[in-house]
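Commentary on secondary and tertiary structure
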Protein chains: 2
Amino acid sequence: MSHYTIGLDYGSNSVRCLVVDVANGRELGVAVWTYASGDAGVLTDPTNPHVARQSPMDFVEGLRQTVPPALAQAAQATGFSPAKIIGIGVDTTGSTPIPVDAALQPLAAKPEFAGNLNAYAWMWKDHSGMDEAERITALAKQHRPQYLAKCGGTYSSEWLFSKIWHCYHADRTVFDAAFTWLEFADFIPAVLAGITDIAQVKAGICPAGHKAMYCADWGGYPDSEFLSLLAPEIGALRARLPQTVTTSDQVAGTLSPAWAAELGLPVGIPIAVGAFDAHLGAVGAGVGQGSMVKIIGTSTCDCLVAPNTEPLPDIPGVCGIVNGSILPGYYGIEAGQSAVGDIFNWFVKHVCRGEGKLHGQLRAEVEKDKPGQSGLLALDWENGNRTILTDARLTGLILGLTLHTTQAQIYRALIEATAFGARRILDRIEEYDVKVTKVINCGGIAEKDPMFMQIYADVLGRPMVISGSAQTCALGSAIMAAVVAGKAAGGYATCEEAQAAMCSYKDTVYTPIPANQAVYQELYGLYCELHDSFGVRGTSFDHFAVMKQLLDIRRRAVQ
Amino acid sequence: MSHYTIGLDYGSNSVRCLVVDVANGRELGVAVWTYASGDAGVLTDPTNPHVARQSPMDFVEGLRQTVPPALAQAAQATGFSPAKIIGIGVDTTGSTPIPVDAALQPLAAKPEFAGNLNAYAWMWKDHSGMDEAERITALAKQHRPQYLAKCGGTYSSEWLFSKIWHCYHADRTVFDAAFTWLEFADFIPAVLAGITDIAQVKAGICPAGHKAMYCADWGGYPDSEFLSLLAPEIGALRARLPQTVTTSDQVAGTLSPAWAAELGLPVGIPIAVGAFDAHLGAVGAGVGQGSMVKIIGTSTCDCLVAPNTEPLPDIPGVCGIVNGSILPGYYGIEAGQSAVGDIFNWFVKHVCRGEGKLHGQLRAEVEKDKPGQSGLLALDWENGNRTILTDARLTGLILGLTLHTTQAQIYRALIEATAFGARRILDRIEEYDVKVTKVINCGGIAEKDPMFMQIYADVLGRPMVISGSAQTCALGSAIMAAVVAGKAAGGYATCEEAQAAMCSYKDTVYTPIPANQAVYQELYGLYCELHDSFGVRGTSFDHFAVMKQLLDIRRRAVQ
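Residues numbered from 1 in each chain as written. Chains lettered and ligands numbered in written order. Predicted model: local features only at pLDDT ≥ 70, side-chain atom pairs only at ≥ 80, totals over all residues. Heavy atoms only, no water.

Things to note about the overall build of chain A
- Along its length, chain A carries 20 helices and 23 strands.
- Against the 2.2 N^0.38 benchmark of 24 Å for 559 residues, chain A shows a C-alpha radius of gyration of 24 Å, consistent with a compact globule.
- Along the three orthogonal principal directions, the C-alpha set of chain A runs to about 70 × 60 × 50 Å.
- Out of the 559 residues belonging to chain A, those deemed buried represent 64%.
- Sequence-distant contacts, at least 24 apart, represent 73% of the contacts inside chain A between residues at least 6 apart.
- For chain A, the exposed surface amounts to about 19000 Å²; the carbon and sulfur share of it is 51%.
- A gap of 4 Å separates the mean positions of the 41 positive and 55 negative side-chain charges of chain A. (Helix = DSSP H or I, 4+ residues; strand = E, 2+ residues; numbered from the N terminus. Rg over C-alpha atoms; globule rule 2.2 N^0.38 Å. Buried < 20%, exposed > 50% of the residue type's maximum accessible area, 1.4 Å probe, protein only. Contact = heavy atoms within 4.5 Å. Areas by Shrake-Rupley, 256 points an atom, 1.4 Å probe, with all protein chains shown as cover. Lys, Arg positive; Asp, Glu negative; His and termini not counted. Charge placed at Lys NZ, Arg CZ, Asp CG, Glu CD.)

See the structure below:
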């Protein structure tokens, strides 16, 4: 008999429900719903550009809007029936914490907080806690340096305690009314399971480890003495955070009768512990030892795993290393570039003032160019640098411009810059003995832009594989659902087994072209020189040779 | 009785004849003729992109095509008559040497050299002697370092001996047939005066000093022992170069009866010794002690003078310091930027793919922006750096790019970059005690772009004056014509007297705005850091602070 699972993927602007065949990963039904509130689900504050909130009611409504239609679509497939659904997995954005009351109900749903954005979900890209983040970094440096070592040396304004502390400063009423704060990824499983007691919550190690400095090495969350340095009330809050924190192959709860009825699913099927979209996306793309998954979109998220059988050293500048955050039994390593597709979109829209179709035109003009031919070199920092410099106050740079430089050459140089940035991350991770022999790519650019992928293959010097699924996040959730269901129920005993059955790759593989690799190796050397000079304090040398070497490389390229 | 002079201005693509009232500089008649040969007078070689030649016959024909119509136009003014013309001045491009026979007739005019571009005029922008230029620089460094000190340390491929030596290598027949080589600026006065004997030629110190390493300190041209290192035949050529080399307030000869008849001018009026267009343009713009004349076009030429009553030290990186090359009694100092207008044109045409009108649109979008507001900083090296780095192998750089950076902001940053480049030149010259209290600007950009001029005023920290004449080169030639005519004939005894009467300024003066100056001073500091790091070997420091300081400056700008 066939079995199916549901993967729920909560993105920044919409939620997706995927119904998957456990045997082979085939996608039988999918439904997407854009959040109703604000601008595609994002609520902003005209007086503060750093505010980005979301409605937890939208998150709940998303279940009703996507599960039934996805099931209806799946029902057209032979042999499918909702009764054969054996589990649910959930991924969400994050850190997107939600202030809730003692019954785990969002404060935003209460009449007294209607319209108060501080009572809503604090979206991952909310930066209103910038000052608090800096102060947390400084406090940790002084008192608990070990906390920072796992998150690249800087605590971000996007993360849990920056947001909670900012709420403490900005809206004491909301802070005081919040019994606790739940990450979005923990909130949805609790809702589905009908959990109303914090003691019953099984929270994800992925959000806790990557955003809340949770680590078994120091007994979980930062100790309350440290948190009391933020505010005594935050020190006290520690005991009201979810105390059970675990991996996504564990059961967060079982589907409540009420939600089973409302969604048309079997009562009591297991719900996997939640995780972040990128991490389960890596699972859905087939991440494993020796591979790196790159989710390439407006920005890029890189995910790798390393066995947890021996301790993994801290990797400087890599923003997150968390035991079990991607796959149980492995350290999850998360890195990324703050802008990739966003850079090309910016160039086309703001610099060229072009339409979307200009992307294709520009690519066509330079797809046959040889590496180095333009004489250009760029730094991909238009939105700062997330890894390995963890510095939002870095900006983009282009050099090698001449009176003959064309729009399309700059476009290609920007693509190359993102490839060099990707290589710099890979090199740093490999320096710490996490070896990468294959790169698995996900996202629209990976599927649609052969020039981009070939440049990446040539710069990274590894085969570039494309994920078979276009919705790896939801697929990763569905894989976790199959694991929590277990072998006896028709699922799998381990994530590896589930991935082996349910993940696939496209036929096209981009392999490095040695001649291109050689030129890009030279250009990458120059990129690193600029990367360190502009990005690292205390790198002392002139750049006298940079422009000349580019001209030499260009001359050789066009010979 | 009124008196008039003629200023002949030979540019790259056309010649201009101006008829001027000696009393006040009023322009009574003007005629322009585009050279007939090739592409607007420029003859190229499809097999060698560095070749740019011109027809000396075009230069001669230009007299017939412009003097009579300019006189005809002037004749409509009350009181004018060609009989009241008291002198002729000539400026040309350079170094544009012309191989001639013993009677000073261009080889190009001889049937046996018809169509042989090597027998034509070697236009200033001909770079076919690149290799020879490098070898001359190396030889001079080794044997006669003093020769290089006055020309910025590098002998250019654009200059006389590079071209002659390249002809020696590339076309021995032409080299052997050339009795001597005349600079364009010396050729035209000799033609008008009917001079057919090299002993009668009075050559300009401006071409000789700036392009042929001519200097009284070492007895004129480079000694024949040095020139024999190039080739014994070039050593021997030295004696056949013009031996009388002098300033443009001296008479090169008097108008021959034949040319007087042909052009409709009085026989025997004096012809001033020729000089380069930019230098006489500076004279026409009113250059004097304490002022700098900027001729702003596709590139920029900066001219200054310093009294020759005491020796002027060499100024590192300033490409030409020649006693008398602009005004008699003063050292002429020439500097410049290899691209200014060309950078804006490149950006609009190649990066924005816009039409000419886009210049105005982009200016309009950012003219009210505050200095530093964009967070951008650029190096103006899209065509290399002429002064003070004298390095063609430098390229353009833009940094501070973010996902919000606009086309118009980049446009403004490019203007600012050229202003910083201009400031760097000014600072270097002032370090050597040539003080500048006023900048006189010429050219279309100066007349038409108030934003550009205000930025320059704010960056350079001096009042920016605009020349009253739009044709300062021809006016400068007409001024020299009035000086060679002399007071008795209705002209002037000195250049200063003539300038005082004949030069004018527009009413609009751009004065520095202190608040803007302060911000630009900071940005200029960052510009200098990048300038030295990328342009000077051995400048050792990181650039870690550059991007952050730009963000700080931007934040303050928009506060």
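Topic: unusual backbone geometry
- Omega for the peptide link from A:Gly94 to A:Ser95 comes to 0 degrees, which places this bond in the cis form.
- Assignment of secondary structure puts A:Ser95 in the loop between strand E6 (85-92) and strand E7 (97-100).
- Backbone torsion omega between B:Thr387 and B:Ile388 reads 10 degrees, so that peptide bond is classified as cis.
- Mapped onto the elements, B:Ile388 comes out in the loop between strand E19 (377-379) and strand E20 (396-401).
- The phi dihedral of B:Thr390 is positive, around 40 degrees, even though this residue is not glycine.
- With respect to the helices and strands, the residue B:Thr390 is situated in the loop between E19 and E20.
- Phi at B:Asp433 is positive, roughly 70 degrees, even though this residue is not glycine.
- Tracing the sequence through the fold places B:Asp433 in the loop between helix H14 (407-431) and strand E21 (438-442).
- For B:Asp433, a relative accessible area of 62% puts it in the exposed group.

Section: the packing of H14(B) against helix H19 (residues 514-535) of chain B
Residue and element names in this part refer to chain B.
- Between H14 and H19, the least distance of the axes is 10 Å, while the angle of their chain directions is 75 degrees. What the angle tells us is that H14 and H19 run roughly perpendicular. Between H14, through Arg412, Glu416, Ala417, Phe420, Gly421, Arg423, Arg424 and Asp427, and H19, the contact on the second element is made entirely by Tyr520, Gln521, Leu523, Tyr524, Tyr527, Cys528, His531 and Asp532.
- Here the contact of H14 with H19 is composed, by residue class, of 7 nonpolar, 3 polar and 6 charged. (Axes fitted to C-alpha atoms, helices over the stretch in contact; angles between N-to-C directions. Parallel < 35°, antiparallel > 145°, perpendicular 65-115°, else oblique. Nonpolar A, V, L, I, M, F, W, Y, C, P; charged D, E, K, R; others polar.)

Looking at the packing of aromatic side chains
Residue and element names in this part refer to chain A.
- One pass over the full model with this rule turns up 42 aromatic pairs over all chains.
- Each ring, one from Tyr155 and one from Trp159, has its centre 5.1 Å from the other, and the planes form 85 degrees; the classification is edge-to-face.
- Taking the centre distance of 6.0 Å and the plane angle of 70 degrees together, the rings of Phe420 and Tyr520 count as edge-to-face. With Phe420 in helix H14 (residues 407-431) and Tyr520 in helix H19 (residues 514-535), the pair connects residues that are 100 residues apart, well separated along the chain. (Phe/Tyr/Trp six-rings, centres within 6.5 Å; stacked < 30°, edge-to-face > 60°.)

Examining the relation of the copies chain B and chain A
- Of the two same-sequence chains, chain B is brought onto chain A (RMSD 0.1 Å, axial shift 0.0 Å) by a rotation of 179 degrees. Expressed as a symmetry operation, the mapping of one chain copy onto the other fits a two-fold axis.
- When the interface residues of chain B are mapped onto chain A, 100% of them again lie at the interface, so the same face is used by both copies. (Least-squares fit on C-alpha atoms with pLDDT ≥ 70 in both.)

Some details on the pattern of salt bridges
- Enumeration over the complete set of coordinates arrives at 36 salt bridges over all chains.
- Of the charged contacts, one joins A:Glu233 and A:Arg172 as a salt bridge, the two residues approaching to 2.8 Å between their closest N and O atoms. Of this pair, A:Glu233 sits in helix H9 (residues 232-237) while A:Arg172 sits in helix H5 (residues 172-177), and the two are 61 residues apart along the sequence.
- Under the relative-accessibility criterion, A:Glu233 is labelled partly exposed at 27%.
- On the accessibility criterion, A:Arg172 (35% relative accessible area) is partly exposed.
- One salt bridge connects A:Arg353 with B:Glu365, and the closest N-O pair in it is separated by 2.8 Å. Taken together, the residues A:Arg353 in the loop between helix H12 (341-351) and helix H13 (358-366) and B:Glu365 in helix H13 (residues 358-366) connect one chain to another.
- The class of A:Arg353 is partly exposed, set by a relative accessible area of 38%. (Salt bridge = Lys/Arg side-chain N within 4 Å of Asp/Glu carboxyl O.)

A look at the sheet that holds strand E4 (residues 43-45) of chain B
Residues and elements named next belong to chain B.
- Taken in spatial order, the 3 strands line up as E4-E5-E8 in an open sheet, and their pairing is antiparallel. The sheet is open, and its two edges are formed by E4 and strand E8 (121-122), each paired on a single side.
- Note that E4 and strand E5 (residues 48-54) share 2 bridges and pair antiparallel. Pairing of Asp45 across the sheet is with Asn48, part of E5. (Pairing = 2+ DSSP bridges.)

What about the side chain of A:Ser55?
All names here are of chain A.
- For Ser55, the location among the structural elements is in the loop between strand E5 (48-54) and helix H1 (56-74).
- A distance of 3.1 Å separates a polar atom in the side chain of Ser55 from the backbone nitrogen of Met57.
- Among all residues touching Ser55, those that are not within four sequence positions of it are Ser37, Leu43 and Tyr120. (Polar contact = N/O pair within 3.5 Å; in protein donor to acceptor, adjacent residues only side chain to side chain.)

Here we look at the interface of chain B and chain A
- Listed per partner, the contact involves 50 residues of chain B and 50 residues of chain A.
- Together, the buried faces of chain B and chain A total about 4300 Å²; carbon and sulfur atoms form 56% of this surface.
- At the surface where chain B touches chain A, the tally comes to 2 salt bridges.
- Our enumeration of links across chain B and chain A arrives at 21 residue pairs in polar contact (both at pLDDT 80 or more).
- Of all elements in the fold, only helix H12 (341-351), H13, E20, H14, H19 and helix H20 (544-558) of chain B reach the threshold of two or more residues within the side of chain B that touches chain A.
- The residue makeup of the side of chain B that touches chain A, split by class, is 24 nonpolar, 16 polar and 10 charged.
- Pairing analysis gives 5 bridges linking strand E20 (residues 396-401) of chain A to E20(B), with the strands arranged antiparallel. Among the inter-strand pairings, A:Leu399 is bridged to a residue of E20(B), identified as B:Leu397. (Buried area = accessible area lost by both parts, 1.4 Å probe.)

What about the sheet that holds strand E22 (residues 464-467) of chain A?
Residues and elements named next belong to chain A.
- Read from one edge to the other, the open sheet built from 7 strands follows the order E17-E18-E16-E15-E21-E22-E23, with strand pairing classed as mixed. At either end of the open sheet lies a strand with only one pairing partner, and these are strand E17 (320-323) and strand E23 (505-510). The average angle at which neighbouring strand axes cross in this sheet is 25 degrees, direction not considered.
- Strands strand E15 (291-296), strand E16 (300-307) and strand E18 (330-337) of the sheet are contacted by H14, whose axis makes an angle of about 155 degrees with E18.

Quick look at the state of the cysteines
All names here are of chain A.
- Counted according to the given criterion, the structure contains 0 disulfides over all chains.
- Of the cysteine sulfurs around Cys442, a residue in no disulfide, the closest is that of Cys473, at 7.6 Å.
- Owing to a relative accessible area of 4%, Cys442 belongs among the buried residues under this scheme. (Disulfide = S-S within 2.5 Å.)

Some thoughts on the nonpolar core
- Counting residues in each nonpolar core, the largest one holds 146 residues, and the members touching the most others are A:Ile429 and B:Ile429.
- Aside from chain neighbours lying at most four places away, what touches B:Ile429 is B:Met292, B:Leu304, B:Ile315, B:Val318, B:Ile333, B:Ala335 and B:Val434. (Core = buried A, V, L, I, M, F, W, Y, C linked by side-chain atoms within 4.5 Å.)

What to know about the side chain of B:Asp369
Residue and element names in this part refer to chain B.
- By secondary structure assignment, the location of Asp369 is in the loop between H13 and E19.
- Look at Asp369: it is buried, it has no salt bridge, and the nearest opposite charge is Arg412 at 5.4 Å.
- Setting aside residues no more than four positions away along its own chain, Asp369 makes contact with Gln409 and Arg412.

Some details on the domain arrangement of chain A
- Taken domain by domain, chain A consists of domain 1 (4-278 + 472-506) and domain 2 (341-430 + 513-558).
- Using only C-alpha atoms to locate each centre, domain 1 of chain A and domain 2 of chain A end up separated by 36 Å. (Domains from an automatic or database assignment.)

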